[in-house]
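Notes for the structure review
The primary structure of each chain is shown beneath.
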Amino acid sequence: MEHRKNFQYTSATFQNELLSIIGEQIKCQIAKEFKEAKVFAIIADETQDIGKHEQVAIVLRYVNEKLEVHESFVGFYRAKRTDGKTLVNELKNDLISMGLNIKNLRAQCYDGASNMRGPYKGVAAIIMQEAPMAMYIHCNAHILNLCIVNCCMRVSSIRNTFFVIQSIYNFIEKSTKRHAIFKNIKKSFQSFSDGQANALLKNLEDFNFVFDLLLLRRVLAQCDILSKTLQSSSVTYEIVKSVKNSSLEVLKSFRTDEFFSKLFNHSTEIADKCGFRAAQLPRQGKIPSKIGGGSKAPFQSVEHYYKVSIVWRVIDILNEEIEASLQENNLDVLNNLSKVLGGTDEDAASVKYVCKYYNLDNEHLLSELRCFYKMEESRNKIIQEKADVFVQKSLKSVFPVLFELFRLFFTILMNSTYTRNKIGQERLSSLALLAIERSIEVNISKVIDDFNLSQKRRLNFV
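Residues numbered from 1 in each chain as written. Predicted model: local features only at pLDDT ≥ 70, side-chain atom pairs only at ≥ 80, totals over all residues. Heavy atoms only, no water.

1. Here we look at the nonpolar core
Side chains of nonpolar character tend, in soluble globular proteins, to be buried together. What counts here: Buried residues of nine kinds, namely Ala, Val, Leu, Ile, Met, Phe, Trp, Tyr and Cys, make up a nonpolar core once their side-chain atoms join them within 4.5 Å. Relative accessibility decides the category of a residue: with a 1.4 Å probe and only protein chains considered, values under 20% of the type maximum give buried, values over 50% give exposed, and everything between is partly exposed. A contact between two residues is defined here by any heavy atoms of the two lying within 4.5 Å.
Residues Y358, L402 and L405 are the most contacted members of the largest nonpolar core, which totals 89 residues. In this view, L405 contacts L337, V340, L341, V354, Y358, L360 and L365; residues no more than four positions away in its chain are not counted. Listed in part, the 33 residues of the second largest apolar core include F40, Y77, L91 and I102.

As structure tokens, then:
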């Protein structure tokens, strides 16, 4: 008996084995749900962890019989290479291990890197050779982030402000002493005498720095609403268009003299109260003599410079970037699907397009639509509300083709948002499965049986 007590199975090796068994049990349950849904979408993102290894996170998305969206994390995988072919093989192997057919894939969402979206050797292009209906969606949240970065880089004043903020962060975090002083807000940069600290302090004590921060706070706060919408797992194409348009309208409303005056006056009050340098015109550039010479057109006043060169320029560029970049996912199939499901009357052209794309019977779908449009419950409602009517009235058996279109519409995803870190590969993936899919019940008895049968044990588990 004393000898038997030595076998506690608490080492890292046995822990990893148990975690792997539990993870596989969860994946089997997830696979069962996806097989019942028939069609699904895939989300994948790859990045380098702190151990300098490429980690690929894979998430699958499906819609159940109640037209509810479910996203299930299936694992982290270490990629030896990040080319399109290698990543596709990793994705296919994962689908095969779960017993899922890649031909049932209806959408794929990745970032905009060339290895993911390349027209010939990208992941999306290779997968579409086997699953033609698996449309590629460039993650909208990623697109918005690129829009904001491009805007900040194109306006020199904002670019310089971000450089100062980054320099302050680096200056504080590279020294434990500075970090400790920073935590005590009563102390300041004046505690230091070195040149870098004085240079940073000089940049902070400037009207331009205050003005840019206040402008960014207003603009980025509005973008944050759009960003949170785009990162929601339940967001649909219809909602993306609506929130994008309303956000652009709000940003355009900032391009007024009233908005600028309030911003400028508030910045002036803060600068005066803190004793910062007042607003000034930049040095006036000169035109080279070889092309005529003279001075560039001067600004009418300091206020005119800040309004035209910073505020209006930021708003114009950001609106232009968002409007143009988010059009990338303005796909014909999504537009036509929205018209068919969200319309109040039949659109023959859209119905024909959708039927051709998804290999559906045109007349059958038209017949269902004519009947559904006449129902009192479906009138003057958005797509989500019509889907709710389908579930509440149990209309799946009445309008089977229309039900499948609703399922397809909600299966198509608009974003990819998952994080990862560095840990032992199998342990990482299994722990992530347990944490993310904690709503799935684990059969402990089966875990013990599988652990006991996986290899010969010195103890028998009963």
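What follows continues from the structure just given.
2. Describing the packing of helix α15 (residues 362-374) against helix α17 (residues 400-411)
Selection rule: Axis lines are fitted through C-alpha atoms, for helices just across the contact stretch, and the angle between N-to-C directions can take any value from 0 to 180 degrees. Numbered from the N terminus, helices here are DSSP runs of H or I no shorter than four residues, and strands are runs of E no shorter than two. Note on angle classes: values under 35 degrees are labelled roughly parallel, values over 145 roughly antiparallel, values of 65 to 115 roughly perpendicular, and the remainder oblique. Each residue gets one of three labels, nonpolar for Ala, Val, Leu, Ile, Met, Phe, Trp, Tyr, Cys and Pro, charged for Asp, Glu, Lys and Arg, and polar for the others, Gly among them.
For the pair α15 and α17, the least separation of the axes is 8 Å and the interaxial angle reads 90 degrees. It follows that α15 is roughly perpendicular to α17 by the angle criterion. Facing α15, whose interface residues are H364, L365, E368, L369 and F372, α17 presents P400, V401, L402 and L405. Looking at the contact of α15 with α17 residue by residue, the classes come out as seven nonpolar, one polar and one charged.

3. Some thoughts on the pairing of strand β3 (residues 69-79)
Rules: Two strands form a pair only when DSSP identifies at least two bridges running between them.
Extensive coverage of β3 is indicated by the burial of eight of its eleven residues. Looking at chain direction, strand β2 (residues 54-63) and β3 are connected through ten bridges and run antiparallel. Residue Q55 lies in a different strand from β3, and its bridge partner there is R78. Linking two consecutive strands that pair antiparallel, namely β2 and β3, is a turn of five residues; a positive phi of about 60 degrees is found at L67 within it.

4. Description of the pattern of salt bridges
As a reminder of what qualifies: What counts as a salt bridge is simple: a side-chain nitrogen of Lys or Arg found within 4 Å of a carboxyl oxygen of Asp or Glu.
All told, the structure shown has 14 salt bridges when counted by the stated rule. Close ionic contact of E65 with R407 constitutes a salt bridge, the shortest N to O distance being 2.7 Å. One end of the pair, E65, is in the loop between β2 and β3; the other, R407, is in helix α17, and 342 residues separate them in sequence. Looking at E65, the relative accessible area reads 41%, which means it is partly exposed. With relative accessibility at 2%, the residue R407 sits in the buried group. A salt bridge links R154 to E321; the shortest N-O distance between them is 3.1 Å. One end of the pair, R154, is in helix α5 (residues 140-154); the other, E321, is in helix α12 (residues 302-325), and 167 residues separate them in sequence. Accessibility expressed as a relative area gives 36% for R154, which makes it partly exposed. When salt bridges with common partners are traced through the structure, they connect E65, K396, E404 and R407 into a single cluster.

5. With respect to the confidence of the model for the chain
The test is simple: Confidence of the prediction at every residue is given by pLDDT, a number between 0 and 100.
Counting all residues, the mean pLDDT for the chain is 81, and 78% of those residues have values of 70 or more. Here helix α18 (residues 425-436) is the element of the chain with the lowest mean pLDDT, 54, and helix α11 (residues 257-274) is the one with the highest, 94. Contacts of residues 186-190 to residues separated by more than four positions or lying in other chains number nine contacts, the stretch itself having pLDDT below 50. Within the model, pLDDT remains below 50 along residues 418-425, and this stretch shows 23 contacts once partners closer than five positions in the same chain are excluded.

6. Looking at the layout of surface pockets
Rules: Put simply, the grid is 1 Å and covers the protein atoms alone, a cavity is a trapped set of points that fit a 1.4 Å probe, a pocket is an open set with protein on both sides within 12 Å along at least five of seven lines, and lining residues have an atom within 4 Å of a point. Grid points are joined across faces, edges and corners, and a volume is the space filled by probe spheres set on the points.
Taken as a whole, the largest pocket spans an internal volume of roughly 460 Å³. The wall of the largest pocket is formed by 20 residues, among which N160, N203, D206, N208 and F209 lie closest to the centre. Broken down by secondary-structure element, the contributors of at least two residues to the lining of the largest pocket are α6 (156-173), α8 (195-204), α9 (207-230) and α12. Top contributing element to the lining of the largest pocket by residue count: α6, with seven residues. Partitioning the lining of the largest pocket into residue classes produces ten nonpolar, eight polar and two charged.

7. As for the packing of aromatic side chains
Test applied: Under the pairing criterion, centres of Phe, Tyr and Trp rings, with the six-membered ring standing for Trp, must be within 6.5 Å; the plane angle then separates stacked pairs below 30 degrees from edge-to-face pairs above 60, leaving the rest tilted.
A complete count under the given rule lists 20 aromatic pairs for this structure. On the numbers, 6.1 Å between centres and 85 degrees between planes, the contact of F34 with F40 is edge-to-face. Judged by its relative accessible area of 1%, F34 falls in the buried class. What makes F40 buried here is its relative accessible area of 1%. Grouped by ring-pair contacts, the aromatic residues F207, F211, F260, F264, Y305 and Y306 constitute a single cluster.

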